[in-house]
Protein chains: 2
Amino acid sequence: MYDGLKGFREFYSGEQSARREVTDAIEDAAARYGFREVATPALERTAMYVDKSGEEIVDELYAFEDKGGRGVSLTPELTPTVARMVVAKGQELSKPIKWLSTRPFWRYEQVQQGRFREFYQTNVDVFGSAAPEADAEVLAVAADALTALGLTGDDFEFHVSHRDILGGLVRALADDPDAVDTGAAIRAVDKRAKVDDGEYFGLLSDAGLDRATAREFDDLITGVETVADLDTVAAAGGEDVEAAVENLRNVLAAAADFGAGRFCEVSLTTARGLDYYTGVVFECFDSTGEVSRSVFGGGRYDDLIESFGGQPTPAVGVAPGHATLKLLCQRAGVWPDEALSTDYYVLSVGDTREKAAEIARGLRELGHVVESDVSDRSFGGQLGYADSINAETVVVVGERDLANDEVTVKDMASGDETTAPVDEFPPASGRPTYEDYE
Amino acid sequence: MYDGLKGFREFYSGEQSARREVTDAIEDAAARYGFREVATPALERTAMYVDKSGEEIVDELYAFEDKGGRGVSLTPELTPTVARMVVAKGQELSKPIKWLSTRPFWRYEQVQQGRFREFYQTNVDVFGSAAPEADAEVLAVAADALTALGLTGDDFEFHVSHRDILGGLVRALADDPDAVDTGAAIRAVDKRAKVDDGEYFGLLSDAGLDRATAREFDDLITGVETVADLDTVAAAGGEDVEAAVENLRNVLAAAADFGAGRFCEVSLTTARGLDYYTGVVFECFDSTGEVSRSVFGGGRYDDLIESFGGQPTPAVGVAPGHATLKLLCQRAGVWPDEALSTDYYVLSVGDTREKAAEIARGLRELGHVVESDVSDRSFGGQLGYADSINAETVVVVGERDLANDEVTVKDMASGDETTAPVDEFPPASGRPTYEDYE
């Protein structure tokens, strides 16, 4: 017997039916905004990640040399791949480009609750618009996806931040702006909730902020709880920060128009870890705090396409991760039922296989899920199997039934049964059940 | 600018919409028979393939050592993984187990038309039934999937064969049955249409058949064109072959009852390359021969689960490969349109964003694909974009429209436009177009 690999999962049919329902809900929400599905390779050249995605990713790659001597990696995220695709065909594509895809990604990291080495995300991205409506549309898609799953404003909230506010503040507060590593300071903010105070201020110190400045910076970003509080930050930060505050306000105003405002909170302690983010960034959290980590996040990455050799192309996206989303759905009691469902089992006894198959085909043509015997089972064996797959209705096609020009229609919940004329079964449309013939 | 890897493809939104339509058609066909989706990992232990899947696969694996020192491979096919899953939970699962999944797989092989290093398949498998109805159901699912795509009996045919007929004949004809490598003889039959006569008979010779016996064997298998012709083969082959012929006839009879008979032809020159097949095997071909290779295939693998350490569990499956299926669909003129389609573009001009967003949301709640401006564009710019995404209807929400309590409804095909009362737009249901308000 062979084992699977640690951090890699198999999903049996019950669990997968729930996962499919959740994936469909997310994809449908995005598709209704005109996001179009793309499909992308599982392997890319390792150089693309080494060059572009920051050191912290490289250590986690499933990287190897292929039989042709190429350095390749299992894709740890979608963004570099779609950036490459935009560069390759950017001129041909009408802007904004709005793409959607659900896929596994791979990182060699510690396995823990809600974190696996093979993990699934739905990526939703807009390329070619710098307007606040693009950021807001991405937030609206995320909100629609979550509410479609049955989650409410009591369950989740989006913590919306802005990289240029954080970076601008750091530079404005520092004695020597050029001596500060704003990227490192932003990464420190991203770690703020995950490490203790000493480590956090140590990281800010490493980024070039002295103790007093780091305190002032932290007081400013933790002091913002509402949009109005952004005035203080704008005043402290100078022109760049003022522009970023204005942009954040515009995004939140557009998100409100788009119906997502009630889920959005300003939170400057949100930063996102990846280096390529610019502008607005956000993370989705469990409002109850029971799921303690960020459920998923997103944001702007306006410079990435150009850094890949393309025309300057602003971009913004969000990528719900399915494992943490499952934790949130389970906490809120909205994770879909994992039981199998079956509309019909067509039970053939005696020499009735051809007629039973014709009835099963007729029901399938109406769009229903219909099983029939493929195991040469007795009446009782078939009924037991029909029960095990939660068949709603069993249609018995026996020799005696057919001699009477009938079939027997059995409701599996109640056990009640009746007969229906075989010439009229199934009808030309609908979903015939016991009630239609009793 | 970064390049993708040879043999790995990106699918942009137009092509992907066609691929999605085809995948959905295949999955829907299988789902209506009660096949249930499972999801499986992209990496497995290399040992599983080295031990079980035959030498010819091992050379083609994307195999490497992970950071924990494990020998791992990108999965080249689904069957060993689902076999492992059946072994792990076989006792808990009600039989027959009917599974479905669409995924990419990876093999390091020569890239050519319809063959890539990353390729997509939909696998449809039944575990736990040895009955001919199981084989027939798999054929029926394949037939339903292809006809759902618009293909007809003029487009495709299933060449149905039986491993035990081939193996039994080889042993019956050989002077010393124990000196013949029946597996090698079957692989020779699988190569028959791809190599010249000399090479084919050379392979049969390598398998242990002398020249005269190889000729006799080949005459017997090429002499079968109909079910009736199987009598000759049964007579030549003895008991084992007779039983296999009976099984093949039963499968074809069940397939006929299940509505797939008109697509099935007996063809003993069909063998399938993989070692784990037993019993009935089949391949789908382009009836016109224009797509010269097998489009996809399937068959029984009754011994695999037991060889993986499980209870004896007969199994049968089919795995349409999407690349060759695309070639067939294109040849037959039924490959779906690759153009984007959009139900509505809601065009906001002036200070109307909030109302326009409300209308867009209302249309989305009716299930439609609705785009609106996220790029701060002019009226003309928005109309041009709406045209580029093939919007069917544009709803103009202008300040003057709203002052008149109206919106403008424009049919993009004709250019005709009319107005609709804003309070009644969108209506509570349906798909409002120009015709509803003219």
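The shown structure was predicted, so the numbers you read here are calculated from the model rather than taken from an experiment.

## Regarding the sheet that holds strand β15 (residues 406-411) of chain A
Residue and element names in this part refer to chain A. The strand order across the open sheet formed by five strands is β13-β12-β14-β15-β16, and the pairing between neighbours is mixed. The strands lining the two open edges of the sheet, one partner per strand, are β13 (370-372) and β16 (417-421). The average angle at which neighbouring strand axes cross in this sheet is 25°, direction not considered. In this fold helix α13 (residues 353-365) packs onto β12 (342-348), β13, β14 (391-397) and β15, with an angle of close to 165° to the strand it touches most, β12.

## Some points on the relation of the copies chain A and chain B
Expressed as a screw operation, the relation of chain A to chain B combines 0.0 Å of axial shift with a rotation of 180°, fitting to an RMSD of 0.0 Å. As the rotation angle and translation indicate, the two copies are arranged about a two-fold axis. Across chain A, the smallest distance between a C-alpha and the rotation axis is recorded for phenylalanine 64 of chain A, namely 3.2 Å. The residues that chain A uses at the interface reappear at the interface of chain B in 99% of cases, marking a shared surface.

## Quick word on the interface of chain A and chain B
The parts lose accessible area when they come together, and the size of an interface is often stated as this lost area. On the chain B side, the residues contacting the 95 residues of chain A number 94 residues. When chain A packs against chain B, close to 8,200 Å² is buried across both sides, 56% of that on carbon and sulfur atoms. Area buried by chain A at its contact with chain B is led by Tyr2, Tyr12 and Val374 of chain A, which between them contribute 11% of it. Run the count over chain A and chain B and you get twelve salt bridges. For arginine 84 of chain A, the salt bridge identified is with glutamate 10 of chain B, shortest N-O distance 2.8 Å. Joining chain A to chain B, the criterion identifies 48 residue pairs in polar contact (both at pLDDT 80 or more). The residue inventory of the side of chain A that touches chain B, partitioned by class, reads 45 nonpolar, 16 polar and 34 charged.

## Points about the packing of helix α1 (residues 13-32) of chain A against helix α5 (residues 132-148) of chain A
Residue and element names in this part refer to chain A. For the pair α1 and α5, interaxial distance at closest approach is 8 Å and the crossing angle is 140°. Judged by the angle between their axes, α1 and α5 are oblique. Judged by the sense of rotation from one axis to the other, the crossing of α1 with α5 is right-handed. Mapping the contact onto sequence places Ala25, Ile26, Ala29 and Ala30 in α1 and Val141, Asp144, Ala145 and Ala148 in α5.

## Focus: empty space enclosed by the protein
Applying the stated criterion across every chain, the model contains three cavities of 30 Å³ or more. Roughly 760 Å³ of volume is contained in the largest cavity. Taken together, 36 residues form the lining of the largest cavity, with Thr102, Arg103 and Pro104 of chain A together with Thr102 and Pro104 of chain B sitting closest to its centre. Every element with two or more residues in the lining of the largest cavity is listed here: α1, β5 (97-106) and β6 (118-127) of chain A together with α1 (13-32), β5 (97-106) and β6 (118-127) of chain B. A breakdown of the residues in the lining of the largest cavity according to their chemical character gives twelve nonpolar, twelve polar and twelve charged.

## Points about the pattern of salt bridges
Pairing between side chains of opposite charge can happen when the charged atoms of each approach one another. Scanning the entire structure with this criterion turns up 50 salt bridges over all chains. A salt bridge links aspartate 24 of chain B to arginine 20 of chain B; the shortest N-O distance between them is 3.6 Å. Of the two residues, aspartate 24 of chain B and arginine 20 of chain B both sit in helix α1, four residues apart, roughly one turn of that helix. Its relative accessible area of 32% is what places aspartate 24 of chain B among the partly exposed residues. Judged by its relative accessible area of 29%, arginine 20 of chain B falls in the partly exposed class. Each of Arg36, Lys98 and Glu137 of chain A together with Glu371 of chain B takes part in a single network of salt bridges with overlapping partners.

Procedures and definitions
- Residues numbered from 1 in each chain as written.
- Chains lettered and ligands numbered in written order.
- Predicted model: local features only at pLDDT ≥ 70, side-chain atom pairs only at ≥ 80, totals over all residues.
- Heavy atoms only, no water.
- Pairing = 2+ DSSP bridges.
- Helix = DSSP H or I, 4+ residues; strand = E, 2+ residues; numbered from the N terminus.
- Axes fitted to C-alpha atoms, helices over the stretch in contact; angles between N-to-C directions.
- Contact = heavy atoms within 4.5 Å.
- Least-squares fit on C-alpha atoms with pLDDT ≥ 70 in both.
- Buried area = accessible area lost by both parts, 1.4 Å probe.
- Salt bridge = Lys/Arg side-chain N within 4 Å of Asp/Glu carboxyl O.
- Polar contact = N/O pair within 3.5 Å; in protein donor to acceptor, adjacent residues only side chain to side chain.
- Nonpolar A, V, L, I, M, F, W, Y, C, P; charged D, E, K, R; others polar.
- Parallel < 35°, antiparallel > 145°, perpendicular 65-115°, else oblique.
- Left-handed = near helix turned anticlockwise from the far one by under 90°.
- 1 Å grid on protein atoms, 1.4 Å probe; cavity = no way out; pocket = protein on both sides within 12 Å on 5 of 7 lines; lining within 4 Å.
- Points joined across faces, edges and corners; volume = space filled by probe spheres on them.
- Buried < 20%, exposed > 50% of the residue type's maximum accessible area, 1.4 Å probe, protein only.

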